[in-house]
Amino acid sequence: MKFFLDTANLNEIREGASLGLADGVTTNPSLIAKEGDVDFKKHIAAICEIVQGPVSAEVTSQDKDGMVREGLEYSKIAPNVVIKCPLTRDGLKATRHLTDEGIRVNVTLCFSPAQAIVAAKAGAAFISPFLGRLDDIGENGLLLLQNIIEIYQNYPWKTEVLAASLRHPVHVIEAARMGADIATMPFKVIDQLFNHPLTDKGQTQFLADWAKSGRK
Ligand code: G3P
């Protein structure tokens, strides 16, 4: 399973890359807004300098023509830019158009298996089911992920399943158990994945015993 960082923060992306845990990056308009008054295209270019893998840049137009125009423009930023389109009627049309032009599209805001099917049919390179946001409203995000993986296994579709809106390590572990192609997560979740109190306790004990034995 590939790990993407779900952030637009350059320090977090650098740290994730140095851990070997940044196979790609997903951004969205909210994550870009959190970085303050940055120039969008320059910021995406800066991310693409740190990470070799796919970097998602999301369109903000609501109509197909606007999305295609933005997609064509952003795809020129770097070869690893992937265009993120919303799972709307116009978003699907833009996905088909951009895909036919050889541009990879990450179809975002997916909340149902039906949506995942039409995104694959539109040629999406990635489908992003939002697990955490479904959990937030009392539905089961992991069940959605499982359904999409099961459906996609029936067909030779090339669309990769990108588990998104992950909030905690259990989301990541279960996505891996199900065989999701990619998990995108905030940096906080990366930290939660490897931190363990018994590791810290064991390390403290080892170092104390070493010092007590008089070794340097
Ligand atoms: O990048 C899309 C997605 O992962 C957003 O996550 O936590 O805002 O629901 P969240």
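Look up a bit, the structure's there.
Residues numbered from 1 in each chain as written. Predicted model: local features only at pLDDT ≥ 70, side-chain atom pairs only at ≥ 80, totals over all residues. Heavy atoms only, no water.

A.B. asks: I keep staring at the layout of surface pockets and nothing clicks. Help me out?
C.D. replies: Over the atoms, a rolled probe matching the size of one water molecule traces out where space is still vacant. Empty space within the largest pocket amounts to approximately 380 Å³. What lines the largest pocket is a set of 23 residues, among which Asp 6, Asn 28, Leu 31, Lys 34 and Pro 186 lie closest to the centre. Counting only elements with at least two residues in the lining of the largest pocket, the list comes to helix H2 (29–34) and helix H10 (187–194). It is H2 that contributes the most residues to the lining of the largest pocket, three residues altogether. (1 Å grid on protein atoms, 1.4 Å probe; cavity = no way out; pocket = protein on both sides within 12 Å on 5 of 7 lines; lining within 4 Å. Points joined across faces, edges and corners; volume = space filled by probe spheres on them. Helix = DSSP H or I, 4+ residues; strand = E, 2+ residues; numbered from the N terminus.)

A.B. asks: I'm lost on a nonpolar patch on the surface in this one. Help?
C.D. replies: A cluster of nonpolar side chains, namely Leu 19, Leu 193 and Phe 194, defines an oily patch on the protein surface of about 240 Å² accessible area. By secondary structure assignment, the location of Phe 194 is in helix H10. (Patch = residues over 30% accessible without salt bridge, like charges linked within 9 Å, V, L, I, M, F, W, Y side chains within 5 Å. Areas by Shrake-Rupley, 256 points an atom, 1.4 Å probe, with all protein chains shown as cover. Salt bridge = Lys/Arg side-chain N within 4 Å of Asp/Glu carboxyl O.)

A.B. asks: I would appreciate a short explanation of the side chain of Thr 184 in the present structure.
C.D. replies: Mapped onto the fold, Thr 184 is located in strand E8 (residues 182–185). A distance of 2.6 Å separates the side chain of Thr 184 from the side chain of Thr 26, its partner in a polar contact. Leave out the neighbours within four places in its chain, and Thr 184 touches Phe 4, Leu 5, Asp 6, Thr 26, Leu 162, Ala 163, Ala 164 and Leu 166. (Polar contact = N/O pair within 3.5 Å; in protein donor to acceptor, adjacent residues only side chain to side chain. Contact = heavy atoms within 4.5 Å.)

A.B. asks: Please explain the pattern of salt bridges as it appears in this structure.
C.D. replies: Side chains bearing opposite charge may pair, as long as their charged atoms lie close to each other. As enumerated under the stated definition, the model contains seven salt bridges in all. Linking Glu 160 and Lys 2 is a salt bridge whose minimum nitrogen-to-oxygen distance equals 2.7 Å. In this pair, Glu 160 is assigned in strand E7 (residues 160–163) and Lys 2 in strand E1 (residues 2–6), connecting sequence segments 158 residues apart. Exposure remark for Glu 160: the relative accessible area of 22% places this residue in the partly exposed category. Residue Lys 2 is classed as partly exposed on the basis of its relative accessible area, which comes to 33%. Lys 212 is the partner of Asp 209 in a salt bridge, and the nearest nitrogen-oxygen pair spans 3.7 Å. Placement of the pair is Asp 209 and Lys 212 together in helix H11 (residues 197–212), with a separation of three residues, close to one helical turn. Assessed through its relative accessible area of 34%, Asp 209 is described here as partly exposed. (Buried < 20%, exposed > 50% of the residue type's maximum accessible area, 1.4 Å probe, protein only.)

A.B. asks: Can you walk me through the nonpolar core in this structure?
C.D. replies: Proteins that are soluble and globular tend to have nonpolar side chains buried together. If you look at the biggest cluster of nonpolar residues, it comprises 57 residues, and the most contacted ones within it are Val 81, Ile 83, Ile 127, Leu 145, Ile 148 and Met 185. Listed in part, the eight residues of the second largest apolar core include Phe 4, Phe 126, Leu 162 and Ile 182. (Core = buried A, V, L, I, M, F, W, Y, C linked by side-chain atoms within 4.5 Å.)

A.B. asks: Before we go on, may I ask you to explain the sheet that holds E8 in this structure?
C.D. replies: As summarised here, the arrangement of the eight strands in space is E1-E2-E3-E4-E5-E6-E7-E8, forming a closed barrel in which the pairing is parallel. Sheet twist, expressed as the average angle between the axes of neighbouring strands with direction ignored, equals 30°. Against the sheet, helix H5 (residues 89–100) makes contact with strand E4 (81–86) and strand E5 (105–110), and its axis sits at roughly 155° relative to E4, the strand it touches most. (Pairing = 2+ DSSP bridges. Axes fitted to C-alpha atoms, helices over the stretch in contact; angles between N-to-C directions.)

A.B. asks: Quick question: what am I supposed to make of the pairing of strand E6 (residues 126–129) here?
C.D. replies: Looking along a regular strand, one sees side chains alternate from face to face of the sheet. Burial along E6 is two-sided: Phe 126 and Ser 128 and Ile 127 and Pro 129, pointing in opposite directions, are all buried. In the sheet, E5 pairs with E6 via three bridges, with the strands oriented parallel. Paired with Cys 110 across the bridge in E6 is Pro 129. Relative to E7, E6 runs parallel, the two sharing two bridges. Bridged to Phe 126 within E7 is Glu 160.

Everything listed here is a matter of coordinates, which is why it stays silent on function.
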